[in-house]
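Structure at a glance
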Amino acid sequence: MKKLTGHQIVSILKEAEAGIPVKELCRKYGMGNSTFHKWRDKYGSIKTSGIKRLKEIEAENRKLKQMFAELSLKSQLQKEIIKKFYYPLTQVSQSMAF
């Protein structure tokens with residue numbers, strides 16, 4: 001099965017709403033029954049115009065997750081650097097204080 005666009009998926013779901021049996025649609029478009037149900041869960045309540053917005057939101061979500069991962073890593077590295085360089089200095093200064 002080739003990868004279908006969101007608009008194509010919505011049109012297939014509309015065919016099912018019009019009364020064409022799911023098994024027949026699966027045969028016609030060469031997809032599995034589970035694929036159809038996943039599409040219905042994801043795109044079932046979306047109109048064709050809403051697909052573009054969904055894609056934009058998914059792309060933004062990916063970017064935000066990437067930013068969060070990078071900032072978490074940066075924070076973790078900063079904590080390690082502080083432990084490595086600051087704490088040995090405080091121990092030395094404490095041992096010098098009589």
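**Focus on helix H3 (residues 33-43)**
- Among all positions in H3, only Phe 36, Trp 39 and Tyr 43 are buried. The buried residues of H3 occupy one face: seen down the axis, they fall within an arc of 60°. In H3, the exposed positions angled more than 90 degrees off the buried face are occupied by Lys 38 and Asp 41.

**Some words on the packing of helix H2 (residues 22-29) against H3**
- Running from amino to carboxyl end, H2 crosses H3 at an angle of 105°, the nearest separation of the two axes being 9 Å. When the axis of H2 is compared with that of H3, the two are roughly perpendicular. Between H2 and H3, the contacting residues are Val 22, Leu 25 and Cys 26 on the first element and Asn 33, Phe 36 and His 37 on the second.
- Taken together, the residues of the contact of H2 with H3 break down into four nonpolar, two polar and no charged.

**As for the environment of Ala 16**
- Secondary-structure assignment places Ala 16 in helix H1 (residues 6-17).
- Put simply, Ala 16 and Phe 36 are 20 residues apart on the chain and 9.8 Å apart in space, counted from C-alpha to C-alpha.
- Ignoring sequence-local partners within four residues, the contact set of Ala 16 consists of Leu 25 and Phe 36.

**Describing the nonpolar core**
- If you look at the biggest cluster of nonpolar residues, it comprises 15 residues, and the most contacted ones within it are Ile 12, Met 31, Phe 36, Trp 39 and Tyr 43.
- Mapped by element, the contributors of at least two residues to this core are H1, H2, H3 and helix H4 (48-96).
- The element that contributes the greatest number of residues to this core is H1, accounting for five residues.
- The residues touching Phe 36, leaving out its near neighbours within four places in the chain, are Ile 12, Leu 13, Ala 16, Val 22, Leu 25, Cys 26 and Met 31.

**As for the side chain of Glu 15**
- Mapped onto the elements of the fold, Glu 15 is located in helix H1.
- A polar atom in the side chain of Glu 15 sits 2.5 Å from the side chain of Tyr 29.
- When residues no more than four places from it in sequence are discounted, the contact partners of Glu 15 are Ile 20, Leu 25, Lys 28 and Tyr 29.

Conventions and cut-offs
Residues numbered from 1 in each chain as written. Predicted model: local features only at pLDDT ≥ 70, side-chain atom pairs only at ≥ 80, totals over all residues. Heavy atoms only, no water. Buried < 20%, exposed > 50% of the residue type's maximum accessible area, 1.4 Å probe, protein only. Helix = DSSP H or I, 4+ residues; strand = E, 2+ residues; numbered from the N terminus. Arc of directions from axis to C-beta. Axes fitted to C-alpha atoms, helices over the stretch in contact; angles between N-to-C directions. Parallel < 35°, antiparallel > 145°, perpendicular 65-115°, else oblique. Contact = heavy atoms within 4.5 Å. Nonpolar A, V, L, I, M, F, W, Y, C, P; charged D, E, K, R; others polar. Core = buried A, V, L, I, M, F, W, Y, C linked by side-chain atoms within 4.5 Å. Polar contact = N/O pair within 3.5 Å; in protein donor to acceptor, adjacent residues only side chain to side chain.

By themselves, these observations are geometric and do not establish any function.
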